[in-house]
Structures are given as structure tokens and as C-alpha cells.
Amino acid sequence: MLNGKTALITGASRGIGVAIAKAMAEAGADVAVVFNSGSEKAEAVCSEIKEKYGVKAFYYQCNVADSAQCAELVKKVTTDLGGVDILVNNAGITKDNLLLSMSEEDFDAVINTNLKGSFNMIKACGRNFIRKKYGKIINISSVSALLGTAGQCNYAASKAGVIALTKATARELAARNINCNAIAPGFISTDMTAELEDKYISSIPLKRAGAPEDVAALAVFLASKASDYITGEVIRIDGGLAIGG
Ligand code: NAP
């Protein structure tokens, strides 16, 4: 389905990003696995992908909050894999606190990684996409953006920003055959949610957490030809958590 394409996935050393990298590879794409601190994990992900799916897989360190590192990353990926066709902005952090107790540092850190990081990566890949007249950009937002979850004013604002970034990017780049969509996951079992699981399950209509693989399947759909006429869309994958949100 994705043969001949190259997918770059940020935050692919753990959690949802790993599942997306594997699913893209299973669909036939070569993959660029991007990590920030987890180099051993990223290396292991690439080894498994190459062995299981027979595609090319390279891993790269990049702090997505740093625009120069993002530009350098895309240069390296272009040298190794011939460019980028699919960009998945998945890297993200939380630093939860009630608004009045939240430090300026924690607000900035979350905005800089989640929102500015996505902007940095779209900008770094943009010329690549325009030259090819092809690109699929998939931004990982969150239902927190739709619900305005208490204790997450920084995170909710960053992920709402990602939705607005998605829509504006979709409009700006549509004429160049570039699609840009957002996925808004609900509660997905990863390191990020490990401590919260029991508290939230009862509020999910499907009464269970999602798996990283659920999100990965949707990302592959948005990277594939099957979604060519979808752009600027936000798709919830949340077991019904934010129905109507
Ligand atoms: P996770 O398990 O905590 O993994 C986060 C990933 O992001 C790691 O690979 C980490 O890399 C990377 N990362 C963090 N800061 C980075 C930076 N500055 N530059 C580059 N990479 C960075 O998170 P997850 O649960 O898989 O979440 C993945 C995405 O889905 C995030 O955007 C998150 O907000 C979103 N999401 C998750 C849920 C959920 O329930 N899990 C729900 C809604 C949305 P290193 O480990 O290498 O440092």
C-alpha cells in the first residue's frame, strides 16, 4: 500500500510512534525513526522493522523543538532515503498541573515540543513535498484539545494549536497535492498514560483504553491513497470519550 514511499515518524522510540513506524513499514514504506533521548530503543525498533518487513529503516536523534535540528534531520533523511513522502508529527510531552500552579517553564516546554515541534517539522519537510508535488502530513493532536481537560491547560492548548496548524497547512498546501490531517487520540495505553489508566476508563463509552496499534492503523489510512480526498480533517480515535467534542 505504501511501497516506494518514505515515512518520517517523530517520537518513534516509544508508545504510539513505535506502532506507527511498524505499521507504515508493514504497509511497505521505508521509515525514518526519530527519537530524542531513547537511542537504544530507536535502534531496536529499526532492527525489528528491517528484519520483519524487509524495508529500509534508519534512526535519527532530533529535538523537534529546535528548528535547526529539524532542518538537519530532513537533510540526513533525504540523503539516506531519498526524501520524505509521509510526515507523522507524533513527538509529544505532558507536564500537567492546575493553571495557577503551572510554571512558565512547563507551559513553554509543552508548547515548544508539541506545537512548535510540529511546525518546525512541517517547515523542514515543506520544500521536499512541494518539489515532489506529493506529501501526507499527519499530526497527532489529542481529545484534550477538544475537551479542554482540567490540569492540562498547556497540553490542551498545544494540541488545539496542532489542530489549527493542521487546517491552515491543509489550505496552504492543497494546491500542491499535499494532504494534512490530524488524529485526536483519547486514552491510549503508553508510558504517557501509565499512571492514569484506572481513573479514566469508566468515563470511556467503550470502557477500555485504546492500543497504540489502533492509532497506527488510522495513520496508515491517512498516509495511503485511500485518503487522498481527505485534508484539513481531525479524526477522533477515543472509544467515544469526546463524542460531540
Ligand atoms: P510517550 O510514550 O510518552 O512517547 C513520547 C515520544 O515523544 C517518545 O518517543 C519521545 O522520545 C518523543 N519526544 C518527546 N519529546 C521530544 C522532543 N522534544 N523531540 C523529539 N521527540 C520527543 O507518548 P505516547 O503516549 O506514545 O504519545 C505519542 C503522541 O500521542 C504524543 O504527541 C501525545 O501527546 C499523543 N497522544 C497520546 C495519548 C495517549 O493516551 N497516550 C492521547 C492523546 C494524544 P524519547 O523517548 O526518545 O525522548
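For the structure itself, consult the block above.
This section reports on the structure supplied with the text.

About the thresholds
- Residues numbered from 1 in each chain as written.
- Predicted model: local features only at pLDDT ≥ 70, side-chain atom pairs only at ≥ 80, totals over all residues.
- Heavy atoms only, no water.
- Near = heavy atom within 4 Å.
- Polar contact = N/O pair within 3.5 Å; in protein donor to acceptor, adjacent residues only side chain to side chain.
- Areas by Shrake-Rupley, 256 points an atom, 1.4 Å probe, with all protein chains shown as cover.
- Helix = DSSP H or I, 4+ residues; strand = E, 2+ residues; numbered from the N terminus.
- Nonpolar A, V, L, I, M, F, W, Y, C, P; charged D, E, K, R; others polar.
- Buried < 20%, exposed > 50% of the residue type's maximum accessible area, 1.4 Å probe, protein only.
- Pairing = 2+ DSSP bridges.
- Axes fitted to C-alpha atoms, helices over the stretch in contact; angles between N-to-C directions.
- Contact = heavy atoms within 4.5 Å.
- Parallel < 35°, antiparallel > 145°, perpendicular 65-115°, else oblique.
- Left-handed = near helix turned anticlockwise from the far one by under 90°.
- Phe/Tyr/Trp six-rings, centres within 6.5 Å; stacked < 30°, edge-to-face > 60°.
- Lys NZ or Arg CZ within 6 Å of the ring centre and 35° of its normal.

### Considerations on the site of the ligand
At step 1: Near the ligand you find 31 residues, and of these Ser13, Ser37, Asn90, Tyr155 and Thr190 are the closest.
At step 2: Between the ligand and the protein, one listed contact pairs an oxygen atom with a backbone N or O atom of Ile16 at 2.8 Å.
At step 3: Between the ligand and Val64 there is a distance of 3.0 Å, counted from a nitrogen atom to a backbone nitrogen or oxygen.
At step 4: Relative to its free-state accessible area of 900 Å², the ligand is covered by the protein chains to the extent of 95%.
At step 5: Of all the secondary-structure elements, those providing two or more residues to the shell around the ligand are helix 1 (15–26) and helix 6 (153–173).
At step 6: Partitioning the shell around the ligand into residue classes produces 13 nonpolar, 15 polar and three charged.

### Comments concerning the pairing of strand 4 (residues 86–89)
At step 1: Side chains Ile86 and Val88 project from strand 4 onto one buried face, and the interleaved Leu87 and Asn89 project onto a second face that is buried too.
At step 2: Alignment of strand 1 (residues 6–9) against strand 4, held across three bridges, turns out to be parallel. Looking at the pairing, Ala7 lines up with Ile86 of strand 4.
At step 3: Summarising the sheet, strand 4 and strand 5 (residues 135–140) pair through four bridges and their orientation is parallel.

### Things to note about the sheet that holds strand 3 (residues 57–61)
At step 1: Spatial ordering of the open sheet is given by 3-2-1-4-5-6-7, a layout of seven strands whose pairing is parallel. Because the sheet does not close on itself, it has two edges, and the strands there are strand 3 and strand 7 (234–237). If you compare each strand with its neighbour and ignore which way they point, the axes differ by 20° on average.
At step 2: Relative to strand 3, strand 2 (residues 30–35) is paired through five bridges, and the arrangement is parallel. In the sheet register, Phe35 faces strand 3, and the bridge partner there is Gln61.

### Examining the environment of Glu40
At step 1: Looking at the element boundaries, Glu40 is found in helix 2 (residues 39–53).
At step 2: Separated by 19 residues in sequence, Glu40 and Tyr59 have C-alpha atoms that sit 9.8 Å apart.

### Overview of the environment of Ile230
At step 1: As for its placement among the helices and strands, Ile230 is situated in the loop between helix 8 (212–223) and strand 7.
At step 2: Along the backbone, Ile230 and Asn181 are 49 residues apart, and their C-alpha atoms lie at a distance of 7.6 Å.
At step 3: Filtering out sequence-adjacent residues up to four positions away, Ile230 remains in contact with Asn179, Asn181 and Phe221.

### Regarding the side chain of Thr190
At step 1: Looking at the secondary structure, you find Thr190 in the loop between strand 6 (178–185) and helix 7 (197–201).
At step 2: A residue is classified by how much of its surface remains accessible, and Thr190, at 18% relative accessible area, is buried.
At step 3: Contact partners of Thr190, with chain neighbours within four places excluded, come to Gly15, Ile16 and Pro212.

### Some words on the packing of helix 1 against helix 8
At step 1: Where helix 1 meets helix 8, the closest approach of the two axes is 8 Å, and the angle between their N-to-C directions is 50°. Taken as axis vectors, helix 1 and helix 8 run oblique relative to one another. Once helix 1 is placed against helix 8, the crossing between them reads as right-handed. Facing Gly15, Ile16, Ala19, Ile20, Ala23 and Met24 of helix 1, the residues of helix 8 in contact are Pro212, Glu213, Val215, Ala216, Ala219, Val220 and Ala223.
At step 2: When its residues are assigned to classes, the contact of helix 1 with helix 8 shows eleven nonpolar, one polar and one charged.

### Observations concerning the packing of aromatic side chains
At step 1: Applying the stated criterion across every chain, the model contains three aromatic pairs.
At step 2: Look at Phe35 and Tyr59: their rings are 6.3 Å apart centre to centre, the planes differ by 45°, and that puts the pair in the tilted class. Placement of the pair is Phe35 in strand 2 and Tyr59 in strand 3, with a sequence separation of 24 residues.
At step 3: The lysine or arginine in question, Lys5, covers the ring of Tyr134, its NZ or CZ lying 4.0 Å from the ring centre.

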